[in-house]
Amino acid sequence: HRSKSTAHPDVKERTLVAVKPDGVQRRLVGQIIQRFEQRGFKLVGLKMLQVSEDLLSQHYCQLTSKPFYPSLVDYMTSGPVVVMVWEGHNVVQSSRTMVGPTNPAAAPTGTVRGDFSIHVSRNVVHASDSLEGAQREIQLWFQGKDLLNWDCCDQSLTVEE
Ligand code: IDP
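Residues numbered from 1 in each chain as written. Predicted model: local features only at pLDDT ≥ 70, side-chain atom pairs only at ≥ 80, totals over all residues. Heavy atoms only, no water.

(A) Structural context of the UniProt feature "active site" (unreviewed entry) in the chain. In the numbering used here, UniProt assigns the "active site" (unreviewed entry) feature to His-126. Along the chain, His-126 falls in strand 4 (residues 125-127). Sequence-distant contacts of His-126, defined by excluding residues within four places in its chain, comprise Leu-16, Val-17, Ala-18, Lys-20, His-59, Tyr-60, Arg-113 and Glu-137. (UniProt positions renumbered as here; feature names shortened; annotations may be inferred. Helix = DSSP H or I, 4+ residues; strand = E, 2+ residues; numbered from the N terminus. Contact = heavy atoms within 4.5 Å.)

So this is what it looks like as structure tokens:
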């Protein structure tokens, strides 16, 4: 006998995905959301904002000493971003696969970066790279009250419960 709670403990896994300013300007928000919806993940948080340099330096705390960091700040603050939290089985790793490698030149067709971008400095989208990173980024970008726990009526069609 397997109890419901131990069979699939990670259906509540969450990750942070952001459409960067180039993706918003190029009107790719809808297509990017559609990919996560149709895969079967659940949207639990969504907002549009102009990013501050302070938030960005916390988000990219491991990159602030890189030579490209000043241009990364210019890019990420050039216009609004749309930031989302997606939930579901293995969502952190699956989102990274759906987004593709950092450098679009290496990104396979079928990935967001492989389908919509050509250069590392304009790669359209962000997705957390690990469970720990996802937790850190979600706390940074969202207040707990702005993440919703809701029942998706077709959940039993996407995971065994
Ligand atoms: P990731 O976004 O795939 O997790 P990171 O190494 O965390 O990759 O880099 C964060 C972001 O910084 C990239 O998505 C890209 O926008 C930018 N970036 C990374 N490496 C370079 C570079 O060599 N030149 C310009 N921008 C870069």
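(B) Region of interest: the packing of helix 3 (residues 29-39) against helix 6 (residues 91-99). Packing of helix 3 against helix 6 leaves a shortest axis separation of 12 Å and a crossing angle of 135°. By the criterion of interaxial angle, the relationship of helix 3 to helix 6 is oblique. Between helix 3 and helix 6 the crossing geometry is right-handed. Between helix 3, through Arg-35, Phe-36 and Arg-39, and helix 6, the contact on the second element is made entirely by Ser-94, Ser-95, Met-98 and Val-99. In the contact of helix 3 with helix 6, the residues fall into three nonpolar, two polar and two charged. (Axes fitted to C-alpha atoms, helices over the stretch in contact; angles between N-to-C directions. Parallel < 35°, antiparallel > 145°, perpendicular 65-115°, else oblique. Left-handed = near helix turned anticlockwise from the far one by under 90°. Nonpolar A, V, L, I, M, F, W, Y, C, P; charged D, E, K, R; others polar.)

(C) Spotlight on the UniProt feature "domain: Nucleoside diphosphate kinase-like" (unreviewed entry) in the chain. Sites flagged by UniProt as "domain: Nucleoside diphosphate kinase-like" (unreviewed entry) map to residues 12-149. Strand forms 17% of residues 12-149 and helix 41%; the C-alpha atoms that close the span are 9 Å apart.

(D) Structural context of the environment of Gln-31. Tracing the chain through its elements places Gln-31 in helix 3. Separated by 17 residues in sequence, Gln-31 and Met-48 place their C-alpha atoms 16 Å apart.

(E) View of the site of the ligand. Close contacts around the ligand come from Lys-20, Tyr-60, Leu-63, Phe-68, Leu-72, Tyr-75, Arg-96, Thr-102, Arg-113, Val-120 and Asn-123, and that covers them all. Bound to the protein, the ligand loses 75% of the 530 Å² it would expose on its own. Split by residue class, the shell around the ligand holds six nonpolar, two polar and three charged. (Near = heavy atom within 4 Å. Areas by Shrake-Rupley, 256 points an atom, 1.4 Å probe, with all protein chains shown as cover.)

(F) How the structure looks around the sheet that holds strand 2 (residues 42-49). Judged by pairing direction, the sheet is antiparallel, and its four strands sit side by side in the order 2-3-1-4 without closing on themselves. In the strand order of this sheet, the two ends are held by strand 2 and strand 4, each with one partner. For this sheet the average axis-to-axis angle between neighbouring strands, irrespective of direction, equals 15°. Strand direction decides the pairing type here: strand 2 and strand 3 (residues 81-87), joined by seven bridges, are antiparallel. Of the residues in strand 3, the one forming a bridge with Lys-47 is Val-83. Running at roughly 5° to strand 3, helix 3 makes contact with strand 1 (14-19), strand 2, strand 3 and strand 4 of the sheet. (Pairing = 2+ DSSP bridges.)

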